Amino acid sequence: MSLTFHWFLPTNGDSRHVVGGGHGTPATASGRDRPPTVAYLSQIARAAEDLGFVGALTPTGAWCEDAWLTTAMVAQHTERLKFLVAFRPGFVSPTLAAQMASTFQRQTGGRLLLNVVTGGESHEQRAYGDFLDKDARYRRTGEFLEIVRGLWEDKTVDLSGEHLSVEGAKLARTPDPVPEIYFGGSSPIAGEIAARHVDVYLTWGEPPAQVAEKISRIRELAALHGRTVRFGIRLHVITRDTAEQAWAEANRLLAGFDEQTVAAVQAGLARSESEGQRRMLALHHGGDRRGLEIHPNLWAGIGLVRGGAGTALVGSHAEVAERIKEYAALGIEEFVLSGYPHLEEAYWFGEGVLPLLAAEGAWRHPFDRSAPTTAHVPFAAAAGPARR
């Protein structure tokens, strides 16, 4: 089995410093260092594509650019890279979302993956006109996915649910292939939704013992519904030729966190309703800079200023490869990675770690780079290569 790696498109801006934000907190000023223009994001996407990343996660929220629109534009500047588009099911009708996904697949040659984000912050949800509480949002997510799945199976869907109702819903054209659904959530109700509806369950980068516990729980729940679920993990990476160089970079990033910013971000994250965010905060004890290496080569420093995924694999290329194999042994098949800045760190990982995993048979490049390719644009064959 070959492991699958995805990268990240920083639609909240990029920098040689950590760009904070997420889970109801605004992006930090460092996000203005490299604005998230289509040109810059396309540069990152092309690098990820060439290096062997299968897809790129694009986040959702008030702190970043819209994921659907951004990836639709960046897709025109790439050839094979898939886009793991994060979106919140409460903000768009399920029939329209199913139609949007179908259109995206046709216009990009089947390069859409969907990351369903229920939303863990009521104050941010209310800004978008959503006044449901957390558990109700998850129940709505279940109804949403039931409708979307039915439409993608070319069914006519009638559903009168607690939160969503459709009558005579049907797509004129179904997506080919059907986009895979990625989903994360640490609460009990999130586990139920994952077990019934999703293809890949994502966890943030907790220590292996905690990840193993999650995998076991979701597997058991999925089995009760006669289903199997794949597993992925969301991590940052700081990998260098030597461990000393990698930790020096981590310490440089840490030195850039001023106390006022850390305090403000932690105060904002402390009111999060997300169980996953609570678990992230517990890893660094709500802002403590001591003891941030919580497992060999697993560093919780990113979470001091960033909501959501707050841990990074830090070490030499060989050490990072070993930690990846450790997670893979638990059942993790997909790794959604990022690093600051995202362009340079994609190369550090792609040229440093992936060849080591390839040499051991744990990974192979997903694309045949010897084959000629053209961008997915109309009349590309007649017009000649779209780039290079």
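All values derive from a computational prediction rather than experimental measurement.

Reading guide: rules and limits
- Residues numbered from 1 in each chain as written.
- Predicted model: local features only at pLDDT ≥ 70, side-chain atom pairs only at ≥ 80, totals over all residues.
- Heavy atoms only, no water.
- Buried < 20%, exposed > 50% of the residue type's maximum accessible area, 1.4 Å probe, protein only.
- Helix = DSSP H or I, 4+ residues; strand = E, 2+ residues; numbered from the N terminus.
- Pairing = 2+ DSSP bridges.
- Right-handed = clockwise from strand over helix to strand, strands pointing away.
- 1 Å grid on protein atoms, 1.4 Å probe; cavity = no way out; pocket = protein on both sides within 12 Å on 5 of 7 lines; lining within 4 Å.
- Points joined across faces, edges and corners; volume = space filled by probe spheres on them.
- Nonpolar A, V, L, I, M, F, W, Y, C, P; charged D, E, K, R; others polar.
- Axes fitted to C-alpha atoms, helices over the stretch in contact; angles between N-to-C directions.
- Parallel < 35°, antiparallel > 145°, perpendicular 65-115°, else oblique.
- Contact = heavy atoms within 4.5 Å.
- Arc of directions from axis to C-beta.
- Polar contact = N/O pair within 3.5 Å; in protein donor to acceptor, adjacent residues only side chain to side chain.

1. Structural notes on the pairing of strand β1 (residues 4–8)
Counting buried positions over the five residues of β1 gives four, a clear majority of the element. Across three bridges, β1 lies against strand β13 (residues 332–338) in parallel orientation. Bridge pairing in β13 links histidine 6 to valine 336. Judged from the three bridges that link them, β1 and strand β2 (residues 55–58) form a sheet pairing that is parallel. Bridging from a neighbouring strand, phenylalanine 8 pairs with leucine 57 of β2. A crossover connection joins β1 to the parallel β2 through helix α1 (residues 38–51); in handedness this β-α-β unit is right-handed.

2. Focus: the layout of surface pockets
In this structure, the largest pocket encloses a volume near 270 Å³. Lining the largest pocket are 15 residues, and of these Thr60, Asp66, Trp68, Phe87 and Phe91 lie nearest its centre. Of all the secondary-structure elements, those providing two or more residues to the lining of the largest pocket are α2 (67–74) and β3 (82–87). Its residues assigned to classes, the lining of the largest pocket shows 10 nonpolar, two polar and three charged. Lining the second largest pocket, in full, are His17, Val18, Thr28, Ala29, Ser30, Leu253, Gly256, Phe257, Asp258, Thr261 and Val305. Of the residues assigned to the lining of the second largest pocket, the class counts are five nonpolar, five polar and one charged.

3. Considering the packing of α2 against helix α3 (residues 94–108)
Look at α2 against α3: their axes get within 12 Å of each other, and the N-to-C directions meet at 10 degrees. Classified by the angle their axes make, α2 and α3 are roughly parallel. Packed against α2, whose contacting residues are Trp68, Thr71 and Ala72, the element α3 presents Ala97, Met100, Ala101 and Phe104 at the interface. Grouping the constituent residues of the contact of α2 with α3 by class yields six nonpolar, one polar and no charged.

4. Describing the environment of alanine 86
Mapped onto the elements of the fold, alanine 86 is located in strand β3. Sequence-wise, alanine 86 and alanine 329 are 243 residues apart; in three dimensions their C-alpha atoms are separated by 27 Å. When neighbours within four sequence positions are excluded, alanine 86 is seen to be in contact with Leu57, Thr58, Pro59, Thr60, Ala67, Asn115 and Val117.

5. Description of α2
Inspection of α2 places Ala67, Trp68, Thr70, Thr71 and Val74 among the buried residues, and these make up the whole buried set. End-on view of α2: buried residues confined to an arc of 170 degrees, all on one side of the axis. On the buried face of α2, the contacting elements are α1, β2, β3, α3 and β4 (112–116). The opening residue of α2, the one whose side-chain oxygen lies 3.2 Å from the backbone nitrogen of tryptophan 68, is aspartate 66.

6. A closer look at unusual backbone geometry
Residue proline 177 is bonded to the preceding aspartate 176 through a cis peptide linkage, with omega at 0 degrees. Structurally, the position occupied by proline 177 is in the loop between β6 (165–169) and β7 (181–184). For aspartate 154, which is not a glycine, the phi torsion comes out positive at approximately 65 degrees. Looking at where aspartate 154 falls in the secondary structure, it is placed in the loop between α5 (134–152) and β5 (157–160). Residue asparagine 297 is not a glycine yet carries a positive backbone phi of 70 degrees. Here asparagine 297 shows up in the loop between β10 (293–295) and β11 (298–299).

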